[in-house]
Amino acid sequence: MMLTVPGAGIIILFAWLSPSYSLYFHIGETEKKCFIEEIPDETMVIGKYRTQLWDKQTGSFLPATPGLGMHVEIKDPDTKIILSRQYGSDGRFTFTSHTPGEHQICLHSNSTKMALFAGGKLRVHLDIQVGEHTNNYPEIAAKDKLTELQLRARQLLDQVEQIQKEQNYQRYREERFRMTSESTNQRVLWWSIAQTLILLTTGIWQMKHLKSFFEAKKLV
């Protein structure tokens with residue numbers, strides 16, 4: 001789902017449905033793309049990207065020049081910036097979530113080098129891995145000298161740990177939803193009571209006003 005806002009694009013993705021995904025998107029000058037990723041707490045996220053510039057002569061996208069950079073900014077659910085850094089035309093960023101919820105990942109090209117493709121399009125290939133998918137198991141096996149069985153056991157333990165984090169996050173979401181529902185129901189109840197009191201007060205006032213009117217006209 002994509003929401004269009006001035007100068008920025010927001011794409012909502014769910015980490016618990018797809019812990020690892022790849023995509024590409026196009027951006028222009030001063031344009032910003034943001035992704036909202038739902039991530040459990042204490043979960044590592046690795047993002048890799050590469051850029052391509054539109055070449056008018058060949059009519060295709062070619063690898064970007066080294067002078068072109070990308071700025072990556074990541075905010076936690078409390079809108080606190082946990083990463084803000086300038087990278088090159090190809091880059092890799094890593095962060096660990098400390099608060100469960102929606103994390104905002106934003107990318108935009110550096111404005112000082114925009115003349116390199118003035119008015120053109122920039123294609124960004126983005127690959128995001130969450131949780132146990134960030135582990136390089138062949139490297140872990142070589143470093144710790146693990147057998148195939150030990151490595152498989154390590155993978156299963158990491159998967160179980162990630163499942164537990166996802167379950168805890170779902171319980172956290174359910175609790176927040178329940179609190180929101182209870183708060184909404186309570187507000188609706190008080191609003192109904194207030195409406196009833198207003199109607200009763202208005203009715204009593206109208207009755208007294210009509211009684212005074214009839215008494216003044218000596219009709220009663």
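Just so you know, these numbers come straight off a predicted model, no measurement behind them.

Chemist: Sorry if this is basic, but what is going on with helix 2 (residues 148-216) here?
Modeler: Along an α-helix, residues three or four positions apart point the same way, because every turn accommodates 3.6 residues. With 69 residues, helix 2 ought to run about 102 Å at 1.5 Å a step, and its terminal C-alpha atoms sit 101 Å apart, in line with that. Every buried residue of helix 2 is accounted for by Leu 151, Gln 155, Asp 158, Gln 162, Lys 165, Glu 166 and Tyr 169. Buried-residue contacts for helix 2 involve strand 4 (32-39), strand 5 (43-55), strand 10 (101-109) and helix 1 (137-144).

Chemist: Explain the nonpolar core to me, please; I cannot follow it from the model alone.
Modeler: Buried together is how nonpolar side chains tend to be arranged in soluble globular proteins. Membership of the largest hydrophobic core comes to 23 residues, with the highest contact counts inside it found for Tyr 49, Phe 93, Ile 105, Leu 107 and Leu 126. Breaking this core down by element, the ones donating at least two residues are strand 3 (20-27), strand 4, strand 5, strand 7 (70-75), strand 8 (81-87), strand 9 (90-97), strand 10 and strand 11 (122-130). No other element matches strand 11, which puts five residues into this core.

Chemist: What am I meant to see in unusual backbone geometry here?
Modeler: Only a minority of non-glycine residues have a phi that is not negative, and only a minority of peptide bonds are not trans. Here the phi dihedral of Glu 42 falls at roughly 50°; this positive angle occurs in a residue that is not glycine. Tracing the chain through its elements places Glu 42 in the loop between strand 4 and strand 5. Positioned with a positive phi, Thr 79 is a non-glycine residue whose angle comes to about 60°. Mapped onto the fold, Thr 79 is located in the loop between strand 7 and strand 8. With relative accessibility at 59%, the residue Thr 79 sits in the exposed group.

Chemist: I tried to follow the state of the cysteines on my own but got confused; where do I start?
Modeler: Counting across every chain of the model gives one disulfide. The disulfide partner of Cys 34 is Cys 106, and the S-S distance across this bridge is 2.1 Å. Looking down the S-S bond of the Cys 34 and Cys 106 bridge, the torsion is 110°, so its handedness is right-handed. Within this pair, whereas Cys 34 is found in strand 4, its partner Cys 106 is found in strand 10, the two being separated by 72 residues in sequence. Judged by relative accessible area, Cys 34 falls into the buried class, the value being 4%.

Chemist: Teacher, can you tell me more about the packing of helix 1 against helix 2 here?
Modeler: Packing of helix 1 against helix 2 brings their axes to within 10 Å, and their N-to-C directions diverge by 125°. As the angle between them shows, helix 1 and helix 2 are arranged oblique. The chirality of how helix 1 crosses helix 2 is right-handed. Side by side, helix 1 and helix 2 meet where Tyr 137, Ile 140, Ala 141 and Asp 144 of the first sit next to Leu 151, Arg 154, Gln 155 and Asp 158 of the second. Here the contact of helix 1 with helix 2 is built from residues that sort into four nonpolar, one polar and three charged.

Chemist: Just to check I follow, could you spell out the packing of aromatic side chains for this structure?
Modeler: Centre distance and the angle of the planes are the two values used to describe a pair of aromatic rings. Throughout the structure, instances matching the rule amount to two aromatic pairs. Measuring from ring centre to ring centre gives 5.3 Å for Phe 25 and Phe 35, while their planes differ by 55°; the resulting arrangement is tilted. Here Phe 25 is found in strand 3, whereas its partner Phe 35 is found in strand 4, with ten residues between them in sequence. The exposure class assigned to Phe 25 is buried, which follows from its relative accessible area of 6%. An angle of 25° between the planes, with centres 6.3 Å apart, marks the rings of Tyr 169 and Tyr 172 as stacked. Residue Tyr 169 and its partner Tyr 172 are located together in helix 2, separated by three residues, close to a single helical turn. Residue classification places Tyr 169 among the buried positions, given a relative accessible area of 4%. For Tyr 172, a relative accessible area of 29% corresponds to the partly exposed category.

Calculation notes
Residues numbered from 1 in each chain as written. Predicted model: local features only at pLDDT ≥ 70, side-chain atom pairs only at ≥ 80, totals over all residues. Heavy atoms only, no water. Helix = DSSP H or I, 4+ residues; strand = E, 2+ residues; numbered from the N terminus. Expected span 1.5 Å × (residues − 1). Buried < 20%, exposed > 50% of the residue type's maximum accessible area, 1.4 Å probe, protein only. Contact = heavy atoms within 4.5 Å. Core = buried A, V, L, I, M, F, W, Y, C linked by side-chain atoms within 4.5 Å. Disulfide = S-S within 2.5 Å. Axes fitted to C-alpha atoms, helices over the stretch in contact; angles between N-to-C directions. Parallel < 35°, antiparallel > 145°, perpendicular 65-115°, else oblique. Left-handed = near helix turned anticlockwise from the far one by under 90°. Nonpolar A, V, L, I, M, F, W, Y, C, P; charged D, E, K, R; others polar. Phe/Tyr/Trp six-rings, centres within 6.5 Å; stacked < 30°, edge-to-face > 60°.

Shape descriptors only; they carry no functional weight alone.
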